[in-house]
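Coordinate analysis (summary)
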Amino acid sequence: VKISLTTENEGLRRRLAEAQSNWLETREENLRTEEKLKQLENELRLLTLSKTNLETAHEENREFFKKQEEQREEQFLETVQETEKKHAELRKELEEMLQAQMKMSSAMKDENKRLILKLEEKKENHRSEKTKWREQLSELASALEVTRKQHNEVTTEKENISHINDELAGKVKFLKRENKKSLKMIYNLLKKQKNLMQDRQTLCHELESLQRSQTAGTPLQRYSQEAGNISANEQGSGADTSCNVKQSNVEINNEDESL
């Protein structure tokens, strides 16, 4: 009996320990569930607040959009009315322009008819003038042939004259060369004469110096004075001839350059 009681007590103790452990677990789970419930309640409160805020914002936005739509409708109606007015004005202007263009087109048609008649008249006049011009052109062609023949004759004569002129120019050049040679010879002779006269003048000066040293009034002094006067006159004539020769040389050189 004691053994059975002890076994029962042990079984009861085990059950009691298991029940206590289960109770502790259930208690912990209850605490967790309570915390979760609190969190869920807080979230629910936040959701309700956000829902109310969203509903209020949605209503405000709905009113704002309604006002915007009304304003847009009013603006659209105003623009439609303005466009209709402008369209009516443009239509009137286009009708007036069409009428003016129709008048212009009718006037242009009349003007074109008048110009066509004038053009036909001018064509007939041009044909008659064309025949006259052809006749004149044939006459001018015959006259041109005559002038060509005359021109050919003149060119041949001109060539002959140019050939003769070339021959004469060659002869003139030859004569000028000969004249230059002769003038150079004359110039050299005059130059020699001038040198001789200068020598003579120096001798006269020497004689005068000798005469001054001697007594005045001797026949030798008179002779030296006369010789000095004669040499001075000859020197002047020689200078004049040399100047004339130089001028003739310059003129000949200028003529050669012009040729």
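Structure shown above.
Residues numbered from 1 in each chain as written. Predicted model: local features only at pLDDT ≥ 70, side-chain atom pairs only at ≥ 80, totals over all residues. Heavy atoms only, no water.

**Looking at the overall build of the protein**
When helices and strands are counted, the protein shows two helices and zero strands. Counting every position in the protein, which comprises 259 residues, the buried fraction comes to 6%. A fraction of 77% describes how many contacts in the protein between residues 6 or more apart in sequence connect residues 24 or more apart. Accessible surface for the protein amounts to roughly 24100 Å². Of this, 56% is attributable to carbon and sulfur atoms. (Helix = DSSP H or I, 4+ residues; strand = E, 2+ residues; numbered from the N terminus. Buried < 20%, exposed > 50% of the residue type's maximum accessible area, 1.4 Å probe, protein only. Contact = heavy atoms within 4.5 Å. Areas by Shrake-Rupley, 256 points an atom, 1.4 Å probe, with all protein chains shown as cover.)

**Focus on a nonpolar patch on the surface**
Together, Leu-90, Leu-94 and Met-97 line one region of the surface with nonpolar side chains, adding up to about 320 Å² of accessible area. Residue Leu-90 is classed as partly exposed on the basis of its relative accessible area of 48%. (Patch = residues over 30% accessible without salt bridge, like charges linked within 9 Å, V, L, I, M, F, W, Y side chains within 5 Å. Salt bridge = Lys/Arg side-chain N within 4 Å of Asp/Glu carboxyl O.)

**Here's the deal with the pattern of salt bridges**
By the definition in use, this model includes two salt bridges. Between Arg-91 and Glu-95 there is a salt bridge whose closest N-O contact spans 3.9 Å. You can see Arg-91 and its partner Glu-95 sitting in helix α1 (residues 2–213), four residues apart, about one turn around the helix. Look at Arg-91 and you get exposed, because its relative accessible area is 54%. Here Glu-111 makes a salt bridge to Arg-114, at a shortest N to O gap of 2.0 Å. A residue pair is termed a helical-turn pair when its members lie 3 or 4 positions apart in one helix, as Glu-111 and Arg-114 do in helix α1 at three residues. Judged by its relative accessible area of 37%, Arg-114 is partly exposed.

Note that every value here comes from positions in space, so none of it alone points to a role or purpose.
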